[in-house]
Amino acid sequence: MNPLKQYIIPFVGLKIGKHAFNYAIDHTFFDQFEYSLVKNGNLQVFLELDKQETLLQLNFNIEGTLNLTCDRCLAPYPFQVKTTECQIYKFTAEDLGEDEVIALHKSDFEIDIAPLIYEFITLASPLINVFPCDEDGEKYCDKEMLDKIKALSIQEKEENKETDPRWEGLKKINKN
């Protein structure tokens, strides 16, 4: 059974107007996307689909927690996500060539929102994960790892103290 099958909405049978859908997102969702940057989380997706004569407007409200790993100390930490997104599908025979509006042809009868949800969650997650070390280090940081990083950086600075004598001549020029 395909775990992403529940994210396919057959819009042909829906009446014109607003329709609500709710989805729970966890690790089984992220496992379906190869090379996913996000591996685990517990999120709720509230979708309002507004079906009109010529288009579908999807309003996403995504809230929950992603389980991320700090890039600095490698400690796991929870990251709160709260985002709202909108996607428009337009009924047309031609390709629109736009990212904001997706074309639906006459033969289409359903839409797959799983890639959209994955994209919105990935965009809501930070590009660089250093939250615990910067803000709430007491709670999540791996102190042992941070001490090792600090010791290695001090050792590297001491090794670099010996400068090349050629640089001394250039420093004198810069002072004049």
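See the structure above.
The present account deals with the structure reproduced in this document. Every value quoted in this text rests on a predicted model; they were computed, and no experiment measured them.

Here's the deal with the pairing of strand 4 (residues 55-69)
Bridge count for strand 3 (residues 40-51) against strand 4 is 12 bridges, and the pairing is antiparallel. Directly across from Asn42, in strand 4, lies its bridge partner Thr65. Hairpin connection, strand 3 to strand 4: the antiparallel pair is bridged by three residues. As paired elements, strand 4 and strand 5 (residues 76-91) share 15 bridges and run antiparallel to each other. Across the sheet, residue Gly64 finds its bridge partner in strand 5, namely Val81. Hairpin connection of strand 4 to strand 5: six residues between the antiparallel strands, including Leu74 at a positive phi of 65 degrees.

Considering the environment of Ile149
Mapped onto the elements of the fold, Ile149 is located in helix 5 (residues 143-159). For Ile149, a relative accessible area of 37% translates into the label partly exposed. Residues Ile149 and Arg72, 77 residues apart in the sequence, show an inter-C-alpha distance of 8.8 Å.

Quick notes on helix 2 (residues 114-124)
Those residues of helix 2 lying buried are Ala114, Leu116, Ile117, Tyr118, Phe120 and Ile121. Each element contacted by the buried residues of helix 2 is listed here: strand 2 (17-25), helix 1 (27-31), strand 3, strand 4, strand 5 and strand 7 (111-112).

Observations concerning the nonpolar core
By size, the foremost hydrophobic cluster in this structure holds 37 residues, and its most contacted members are Phe29, Ile111 and Ile113. Discounting residues that sit within four places of it in the chain, Phe29 has contacts with Leu4, Tyr7, Ala114, Ile117 and Tyr118.

Some words on the side chain of Lys51
When you line up the elements, Lys51 lands in strand 3. For Lys51, which is buried and forms no salt bridge, the nearest opposite charge comes from Glu53, at a distance of 8.6 Å. Among the polar contacts listed, one links the side chain of Lys51 to the backbone oxygen of Phe11, at a separation of 2.9 Å. When sequence neighbours within four positions are dropped, the list of residues in contact with Lys51 reads Phe11, Val12, Leu14, Lys15, Ile16, Gly17 and Leu56.

Comments concerning the pattern of salt bridges
Counting across every chain of the model gives one salt bridge. Lys148 is paired through a salt bridge with Glu144; the nearest N and O atoms lie 3.7 Å apart. With Lys148 and Glu144 both in helix 5, this residue pair falls four residues apart, about one helical turn.

Some thoughts on the side chain of Asp50
Within the fold, Asp50 resides in strand 3. Lys18 is the oppositely charged side chain nearest to the buried, salt-bridge-free Asp50, at an N-O distance of 4.9 Å. Of the polar contacts made by the side chain of Asp50, one reaches the side chain of Gln52; its length is 3.2 Å. Sequence-distant contacts of Asp50, that is, excluding residues within four places in its chain, are made with Gly17, Lys18, Leu55, Leu56 and Gln57.

Describing a nonpolar patch on the surface
Nonpolar side chains collect at one region of the surface, where Trp167, Leu170 and Ile173 lie side by side and expose about 360 Å² of accessible area between them. Secondary-structure assignment places Trp167 in helix 6 (residues 165-175).

Details of the sheet that holds strand 4
If you trace the five strands from one edge of the open sheet to the other, you get 2-3-4-5-6, paired in mixed fashion. In the strand order of this sheet, the two ends are held by strand 2 and strand 6 (101-104), each with one partner. Ignoring strand direction, the axes of neighbouring strands in this sheet form an average angle of 20 degrees.

Describing the packing of aromatic side chains
Scanning the entire structure with this criterion turns up seven aromatic pairs. Aromatic side chains Tyr7 and Tyr23 sit 5.0 Å apart centroid to centroid with 35 degrees between the ring planes, which places their arrangement in the tilted category. You can see Tyr7 sitting in the segment before strand 1 (8-9) and its partner Tyr23 sitting in strand 2, a full 16 residues away along the chain. There is no split in this pair, since Tyr7 and Tyr23 are both buried. Three or more aromatic residues joined by ring pairs form one cluster here, namely Tyr7, Tyr23, Phe29, Phe30, Phe33 and Tyr118.

Reading guide: rules and limits
Within each chain, residue numbers correspond to sequence positions counted from 1 in written order. A pLDDT threshold of at least 70 governs which residues receive local features in this predicted model, and a stricter bar of 80 or more applies before side-chain atom pairs are shown or counted, although totals over entire chains, interfaces and linings include all residues. The basis for the side-chain values is all heavy atoms of the structure; hydrogens and waters are excluded. Note on pairing: two strands pair once DSSP finds at least 2 bridges between them. Only runs of H or I of at least four residues qualify as helices and only runs of E of at least two qualify as strands under DSSP, and these elements are numbered from the N terminus. Relative accessibility thresholds used throughout: buried, under 20% of the residue-type maximum; exposed, over 50%; partly exposed, between the two (1.4 Å probe, protein chains only). Between two residues, a contact is recorded if the distance between any of their heavy atoms is within 4.5 Å. Residues belong to one nonpolar core when they are buried, are Ala, Val, Leu, Ile, Met, Phe, Trp, Tyr or Cys, and are joined through side-chain atoms within 4.5 Å. Just so you know, the count uses Lys and Arg for positive and Asp and Glu for negative, and it drops His and the chain ends. Note on definitions: salt bridges are taken to be side-chain nitrogens of Lys or Arg within 4 Å of carboxyl oxygens of Asp or Glu. Counted as a polar contact is a pair of N or O atoms within 3.5 Å, where, for protein atoms, one must be capable of donating a hydrogen and the other of accepting one, and residues adjacent in sequence contribute only when both atoms are in side chains. Within this analysis, patches are made of residues with over 30% relative accessible area and no salt bridge. Like charges are joined at 9 Å or less; nonpolar side chains (Val, Leu, Ile, Met, Phe, Trp, Tyr) at 5 Å or less. Throughout, the Shrake-Rupley method with a 1.4 Å probe supplies accessible areas, and for residues the shown protein chains are the sole cover considered. All axes here are fitted lines through C-alpha atoms, helices being fitted over the stretch that makes contact, and every angle between N-to-C directions spans 0 to 180 degrees. Under the pairing criterion, centres of Phe, Tyr and Trp rings, with the six-membered ring standing for Trp, must be within 6.5 Å; the plane angle then separates stacked pairs below 30 degrees from edge-to-face pairs above 60, leaving the rest tilted.

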